[in-house]
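# Residue-level structural notes
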Amino acid sequence: MVSHSVWIVGTSRSGKTARLVEQFCSWVQPEKQYVESFYTKKPGRKKGVYTPEFLYLKQTEPGVLVLAANDDNRRELGDKIVTSTLGKYPVRAKTPLGFFQDEVILFWPLLINSLSLKAQFPVRLRPETEQELATKLWRPQLDEEILRVAGVNESRLVRRILDLLQLAAYSGVPCVDIAQILTRGLGENPTTLEPEFLASLLLDWYNWCLERGLLTYGIITELYSQHLLSDRNYQQHLTKRYQAVLADDVDDYPSVARLLFELLLDQGAVGAFSYNPDGAVRLGLGADPNYLEGLAERCRVEILTGPPPESLGEQAKQMVELLTEPMVLLSLPKTVHSIQTTSRAQLLRQTAEVIADAIQSQQVQPEEVAIIAPGLDAIARYTLVEILVKQNIQVESLNDQRPLISSPVIRALLTMLALVYPGLGRLVDRDAVAEMLVVLSRKQPSENSPLPTPHSPLNTDIDPVRAGLIADYCFVPHPDRPNLLPVSAFERWDRIGYAATTAYSEILQWLEQQRSQQELRLIPSPISLLDRAIQRFLWNGSNLPYEQLAALRELLETAQHYWEIDTRLRQIGPVETTPHTTIIEFIQLLRRGTITANPYPVRPIGGARKAVTLATIFQYRSSRRSHRWHFWLDAGSPLWAKGGAATLFGAPFFLRDRLGEPWTAEDEKLAEEQRLQRILTDLLSRVSKRVYLCHSDLAVNGQEQLGPLLPLVNACVTVISEATVN
């Protein structure tokens, strides 16, 4: 019997997603658009009876489960389907983890009965809150000896242990079997902790969270794979809702996704899956491409041959050959150039200048250029952005993971919290107060004011010099009640000026009002106070830069989540902390830099920005973008073999085709070689005209760069060096 499901294989930009959308349209088109051949013609069946893949035609909403690898791809896939069907069949595309989360919350009453849980609505933990609570729970057991054996600090160890639960859940391994998998995988390794000890910590954490109705990504996936998928009631509901599944880029899905797909296919559903053999971007982070590839046996396979016509994909084979056999004397084509310097500082400057010259001479547009690096440190990011912005060339950093606390606006609001609530005086100092005064004295914009940008000059009533003077003479430190005195406490307050004095007096008056209301318990929570401060001093109906707006939104979302968890914990049982110490912990959490400004939705409204793209390898490949010109930064870095993302501890042990098998140095070497080949093939499929290999002899730390791409740098015909670039 020929399967009605289809398995689409192709390299990057070979048309896999377009083929999936076409398949969706063929499922949901009206009956009149089908020709005779689409009907089933089997003995014993009447002419015109539909095969399973056309059963949804009689439904108002097609029962199609649509999945994508990540959030950005999810929105794009949903948009393409809606556009292709002229909006007649609106779909809600999901990521696999997003779907698991929705199902666990939707069928929570079923889990309450089967697991004998307390009847309470579940609350999802963010990763940073998850780590903080797990650290508190495990701290009595993570003594100095444990940390010494592990060889990492407490924070790193806690994250590593939590990742094990997530990896196990993604692979469909029950939490209770983690010790067995680790025992087989680690063997007699003296530098690791006992598997039974790690598994007992995770089991304690798992049970502690379920008692309080708290869900993490690992626990959500565990509940879905081990309890929901095997429940007959749930299976009946699932198969009634979905008669088809459409999944894009399944090479980035966890193993559990295949269990879901097979259940649907077994119940008569039809599927369409796309698979990129050069993808596997999330391999080592929970994805299991080899296991997902096994689904192809149940489908009709379609192979989209060859690289996309407008790409350098055809050169991938030659470049891979240069890496695997460096003794072969080959030169790269003229489409591959190199920029070579001695120091990295020179490399950053010359790379930015080459880009600026090319854009100003109209060889290429800003939106057609991408700078891709295995890792982007703050210095590289700042240098490239600064040079290009001075040339009036905008830069878009993909998924820029800068800590929230790096924003002056966020630091100012946290200082304001410490001045209103008692007991927070140790979190405030003179410099923080001065910064707060500058930020909160933003001038009201006029109707003719230009839109502000992150690089706009300061437009405040209290400049940094005056703010420093006020903080020196009017700020009174105190561990419980830090205070700000009237400006007249400064003998020469006439030097402050009218505008700064007025602005300071308004800030002082507002702080006094909030203190008195806090004492009378008229402020519901710190979230309300943050919102008041934003409305009063920062918003004022003005147009904030997108970066500042994103930071403020993320701050409020984080605060809302933090106090929601705090409220839940206080409802369940006695909590050692007081409301004021909760604020202290919240501020300290932000100051550790674990929270970044990525609120939902992460993309600005409107057309694509005319900006140069700046991204790590992992971010760029995940985004599935393509450009005319590529600049591969730090081409001599050894990090190219790592793919720009660190592999989670223990990830190879949880791959389904090698569960619990030890991971040897030979395995690691082979994995790095395969990863590098996939990266090269993938990136070359995403560039259409030119690649620049940007290499400096010395890294930031002064060490010589001897990474795996060095043979490519040496094989370039055209060389732009310090002598040839002005």
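Everything discussed here concerns the structure shown above.
Note that the structure is a prediction, hence the values are computed from the model and not measured. (Residues numbered from 1 in each chain as written. Predicted model: local features only at pLDDT ≥ 70, side-chain atom pairs only at ≥ 80, totals over all residues. Heavy atoms only, no water.)

### So, empty space enclosed by the protein
- Counted by the stated rule, this structure contains one cavity of 30 Å³ or more.
- Quantified by volume, the largest cavity comes out at close to 130 Å³.
- Along its surface, the largest cavity is lined by 14 residues, and Val281, Leu283, Lys642, Gly643 and Arg675 are the ones closest to its centre.
- When contributions to the lining of the largest cavity are tallied by element, the ones reaching two or more residues are helix H24 (617-623) and helix H25 (665-685). (1 Å grid on protein atoms, 1.4 Å probe; cavity = no way out; pocket = protein on both sides within 12 Å on 5 of 7 lines; lining within 4 Å. Points joined across faces, edges and corners; volume = space filled by probe spheres on them. Helix = DSSP H or I, 4+ residues; strand = E, 2+ residues; numbered from the N terminus.)

### Points about the side chain of Thr85
- By secondary structure assignment, the location of Thr85 is in the loop between helix H2 (71-84) and helix H3 (96-106).
- Separated by 3.4 Å, the side chain of Thr85 and the backbone oxygen of Val82 make a polar contact.
- Ignoring sequence-local partners within four residues, the contact set of Thr85 consists of Phe24, Cys25 and Val28. (Polar contact = N/O pair within 3.5 Å; in protein donor to acceptor, adjacent residues only side chain to side chain. Contact = heavy atoms within 4.5 Å.)

### Looking at the pattern of salt bridges
- Counted according to the given criterion, the structure contains 40 salt bridges.
- Across the salt bridge formed by Asp266 and Arg298, the nearest N and O atoms sit 2.6 Å from each other. Placement of the pair is Asp266 in helix H12 (residues 255-266) and Arg298 in the loop between helix H13 (289-293) and strand E7 (300-304), with a sequence separation of 32 residues.
- The exposure class assigned to Asp266 is exposed, which follows from its relative accessible area of 52%.
- Overlapping salt bridges bring together Arg126, Glu128, Arg553, Glu554 and Glu557 as one network. (Salt bridge = Lys/Arg side-chain N within 4 Å of Asp/Glu carboxyl O. Buried < 20%, exposed > 50% of the residue type's maximum accessible area, 1.4 Å probe, protein only.)

### Details of the pairing of strand E2 (residues 64-67)
- On E2, burial covers both faces: Val64 and Val66 on one face and Leu65 and Leu67 on the other are all buried.
- Pairing of E2 with strand E5 (residues 244-247), which is carried by four bridges, proceeds in the parallel orientation. Considered in E5, the bridge of Leu67 is made with Ala247. (Pairing = 2+ DSSP bridges.)

### Thoughts on the nonpolar core
- Core analysis: the biggest nonpolar cluster contains 81 residues, and Trp205, Tyr224 and Phe261 have the highest contact counts within it.
- No other element matches helix H9 (residues 195-212), which puts nine residues into this core.
- Each residue touching Trp205, except ones within four places of it in the same chain, is listed here: Leu125, Glu130, Leu133, Ala134, Leu137, Trp138, Leu162, Leu165, Thr216 and Ile219. (Core = buried A, V, L, I, M, F, W, Y, C linked by side-chain atoms within 4.5 Å.)

### Comments concerning the packing of helix H8 (residues 178-186) against H9
- Put simply, H8 and H9 touch, their axes get as near as 8 Å, and they point 155° apart. Overall, the two elements H8 and H9 adopt an arrangement that is roughly antiparallel. H8 and H9 meet at a crossing whose hand is right-handed. Of the residues in H9, those touching H8 at Ile178, Ala179, Leu182 and Thr183 are Pro195, Glu196, Leu198, Ala199 and Leu202.
- Taken together, the residues of the contact of H8 with H9 sort by class into seven nonpolar, one polar and one charged. (Axes fitted to C-alpha atoms, helices over the stretch in contact; angles between N-to-C directions. Parallel < 35°, antiparallel > 145°, perpendicular 65-115°, else oblique. Left-handed = near helix turned anticlockwise from the far one by under 90°. Nonpolar A, V, L, I, M, F, W, Y, C, P; charged D, E, K, R; others polar.)

### Some words on the packing of aromatic side chains
- Tallied over the full model, the rule gives 21 aromatic pairs.
- Each ring, one from Trp7 and one from Phe273, has its centre 6.0 Å from the other, and the planes form 45°; the classification is tilted. With Trp7 in strand E1 (residues 6-10) and Phe273 in strand E6 (residues 270-275), this residue pair connects regions lying 266 residues apart in the sequence. Across this residue pair, the class does not change: Trp7 and Phe273 are buried.
- Between the aromatic rings of Trp629 and Tyr692, the centroid separation amounts to 5.8 Å while the plane-to-plane angle is 50°, which identifies the pairing as tilted. Taken together, the positions of Trp629 in strand E14 (residues 627-632) and Tyr692 in strand E15 (residues 687-696) put the pair 63 residues apart, joining distant regions of the chain. For the pair Trp629 and Tyr692, one class covers both residues: buried.
- The aromatic ring of Phe649 is capped on one face by Arg160, whose charged end is 4.7 Å from the ring centroid.
- The side chain of Arg258 reaches across the aromatic face of Tyr291, ending 4.4 Å from its centre. (Phe/Tyr/Trp six-rings, centres within 6.5 Å; stacked < 30°, edge-to-face > 60°. Lys NZ or Arg CZ within 6 Å of the ring centre and 35° of its normal.)

### Describing the sheet that holds E6
- Taken in spatial order, the five strands of this open sheet run E2-E5-E6-E1-E7, and their pairing is parallel. Each having just a single partner strand, E2 and E7 make up the two edges of the open sheet. Pairwise comparison of adjacent strand axes, ignoring direction, gives a mean angle of 15° for this sheet.
- As paired elements, E5 and E6 share four bridges and run parallel to each other. Paired with Ala247 across the strands is Phe273, a residue of E6.

The values are spatial; any link to function lies outside them.
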